[in-house]
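Spelled out from the first residue to the last, the chains are:
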Amino acid sequence: MKLLVTGGAGFIGANFVHYTLGHRPGHSITVLDALTYAGNEANLSTVKDKIRFVKGNITDTKLVDELVAEHDIVVHFAAESHNDNSLKDPSPFIQTNLIGTFTILEAVRKHGKRLHHISTDEVYGDLELDDPAKFTADTPYNPSSPYSSSKAGSDLLVRAWVRSFGIHATISNCSNNYGPYQHVEKFIPRQITNILTGEKPKLYGQGENVRDWIHVDDHNAAVWSIIEHGRNGETYLIGADGELNNKVVLELILELMDKPKDWYDHVNDRPGHDMRYAIDATKLRNELGWRPTYTNFRDGLAATIAWYAQNEDWWKPQKAETEQKYKNQGH
Ligand code: NAD
Ligand code: DAU
């Protein structure tokens, strides 16, 4: 297949490119990425001779039209992805996540190509800490932030294009990813790189909020299961039963990095902060036979810490600017 991977210079997209070259050889890959603050060509430097890279914006109708026409499937990762940024300035989230997805859908419709749309569990809103329920594909949409509502809107556009125009598309909604190449604005890399630079980690509120962690390679393996065996028009939730609260994750990072358990600052909480996410991935497991391979979070986290420790050149250039942004927001 000829794959057009949008957002392939970002965290999950770049890992998807590496995963595909390693586990699904024989496909040709074009990455379309605008190289925003979150995109980094260095994420693809070791594979640059094996792929085609196009620097461009998914809202560019002409460019998207030409590229979609040349490929069999669009695997659509490109997005503005960070909640805190969306609370400061929602505008790029509307442009990229809504207009960008619309632009791709129109090209897919015109050229009769397939789309796999990458989305998030945040479209379902949040759960109470003591709620036995988990999100399923039947959970009503109830997003909280400009980020999650723009992703919810993009999912609904995809569903409408399937129903009204008969395009061939699938959607996946995944929980919180961790692993290499994740921008230092995100929770786990921020705390690891704070410790590596002698700065205390920063916990929002009391750290009771629960996230359902999954290794990025398990996410991308699930995406491949859907590409290969997913039913047209279906939504698949991706999660690996990795529920942990932020305080527990932070204490584990501190322990693995030989710091005292309480060596962190409490900082301002996020406005509208979702309390808990939890995925029921039964459909993905039963229908497509997918299983996570990173079943020990401690080991996956230790490997991620080692990656950041060994790749200072990769994250150092982003660090000061990111921390300044946080300081301005009281985080
Ligand atoms: P990221 O912010 O690390 O990467 C986003 C990439 O998209 C960057 O390379 C950026 O340059 C590119 N991009 C942004 N706007 C663009 C535009 N207008 N045109 C072209 N390229 C553009 O994000 P990520 O964490 O890798 O997330 C990828 C996808 O997965 C997103 O759709 C996100 O909603 C979804 N997702 C993320 C997580 C997570 O835990 N990170 C979980 C579930 C779903
Ligand atoms: O659930 C999937 C989503 O996970 C994706 O759709 C998003 O793209 C991705 O960014 C992530 O969203 P979160 O908002 O859950 O991730 P973030 O890394 O920003 O924060 C994780 C938790 O940690 C959240 O409860 C806020 C908290 N936090 C975050 C930062 C940056 C802190 O306590 N301290 C911090 O410094």
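See the structure above.
Here is a short report on the structure shown in this document. Computed from a predicted structure; not experimentally measured. (Residues numbered from 1 in each chain as written. Chains lettered and ligands numbered in written order. Predicted model: local features only at pLDDT ≥ 70, side-chain atom pairs only at ≥ 80, totals over all residues. Heavy atoms only, no water.)

Right, let's talk about the packing of helix H2 (residues 61-69) against helix H4 (residues 91-111) for a bit. Packed helices, taken two at a time, are described by their axes: the angle between them and the distance between them. Where H2 contacts H4, the axes come no closer than 9 Å and their chain directions differ by 40°. Overall, the two elements H2 and H4 adopt an arrangement that is oblique. As for the relative orientation of H2 and H4, their crossing is right-handed in sense. Facing H2, whose interface residues are Thr-61, Val-64, Asp-65, Val-68 and Ala-69, H4 presents Thr-103, Ile-104, Ala-107, Val-108, Lys-110 and His-111. (Axes fitted to C-alpha atoms, helices over the stretch in contact; angles between N-to-C directions. Helix = DSSP H or I, 4+ residues; strand = E, 2+ residues; numbered from the N terminus. Parallel < 35°, antiparallel > 145°, perpendicular 65-115°, else oblique. Left-handed = near helix turned anticlockwise from the far one by under 90°. Contact = heavy atoms within 4.5 Å.)

Quick look at the site of ligand 1 now. Neighbouring ligand 1 are 28 residues; Ile-12, Asp-33, Ser-81, Tyr-147 and Lys-151 lie closest to it. A distance of 3.0 Å is found between an oxygen atom of ligand 1 and a backbone nitrogen or oxygen belonging to Phe-77. In this structure, an oxygen atom belonging to ligand 1 sits 2.7 Å away from a side-chain N or O atom of Tyr-147. Protein coverage of the free-state accessible area of ligand 1, which is 840 Å², stands at 96%. For the shell around ligand 1, the leading source of residues is strand E5 (residues 114-120), giving three residues. (Near = heavy atom within 4 Å. Polar contact = N/O pair within 3.5 Å; in protein donor to acceptor, adjacent residues only side chain to side chain. Areas by Shrake-Rupley, 256 points an atom, 1.4 Å probe, with all protein chains shown as cover.)

All right, on to the pairing of E5 then. The side chains of a regular strand alternate between the sheet's two faces. Across the seven residues of E5, seven count as buried, placing the element largely inside the fold. Here E5 shows a buried face lined by Arg-114, His-116, Ile-118 and Thr-120 and a second buried face lined by Leu-115, His-117 and Ser-119. With seven bridges connecting them, E5 and strand E6 (residues 168-174) associate as parallel partners. Pairing of Thr-120 across the sheet is with Cys-174, part of E6. Crossover E5 to E6 through helix H5 (residues 146-165) is right-handed. (Buried < 20%, exposed > 50% of the residue type's maximum accessible area, 1.4 Å probe, protein only. Pairing = 2+ DSSP bridges. Right-handed = clockwise from strand over helix to strand, strands pointing away.)

Structurally, the position occupied by Thr-103 is in helix H4. Owing to a relative accessible area of 7%, Thr-103 belongs among the buried residues under this scheme.

On inspection of all chains with the given rule, the structure shows 14 aromatic pairs. Aromatic side chains Tyr-308 and Trp-314 sit 6.2 Å apart centroid to centroid with 70° between the ring planes, which places their arrangement in the edge-to-face category. Trp-314 shares its class with Tyr-308; the two are buried. Here a set of aromatic residues connected by ring pairs shows up, and it is made of Tyr-124, Phe-135, Tyr-141 and Tyr-277. The residue whose ring lies beneath Arg-190 is Tyr-326, and the NZ or CZ to ring-centre distance is 3.9 Å. The aromatic ring of Tyr-236 is capped on one face by Lys-283, whose charged end is 4.8 Å from the ring centroid. (Phe/Tyr/Trp six-rings, centres within 6.5 Å; stacked < 30°, edge-to-face > 60°. Lys NZ or Arg CZ within 6 Å of the ring centre and 35° of its normal.)

The topology assignment puts Arg-114 in strand E5. Glu-228 provides the closest opposite charge to the buried, salt-bridge-free Arg-114, at an N-O distance of 9.2 Å. A distance of 2.7 Å separates the side chain of Arg-114 from the backbone oxygen of Ile-227, its partner in a polar contact. Once residues within four sequence positions are removed from consideration, Arg-114 is found in contact with Asp-72, Ile-73, Val-74, His-168, Thr-170, Ile-226 and Ile-227. (Lys, Arg positive; Asp, Glu negative; His and termini not counted. Salt bridge = Lys/Arg side-chain N within 4 Å of Asp/Glu carboxyl O.)

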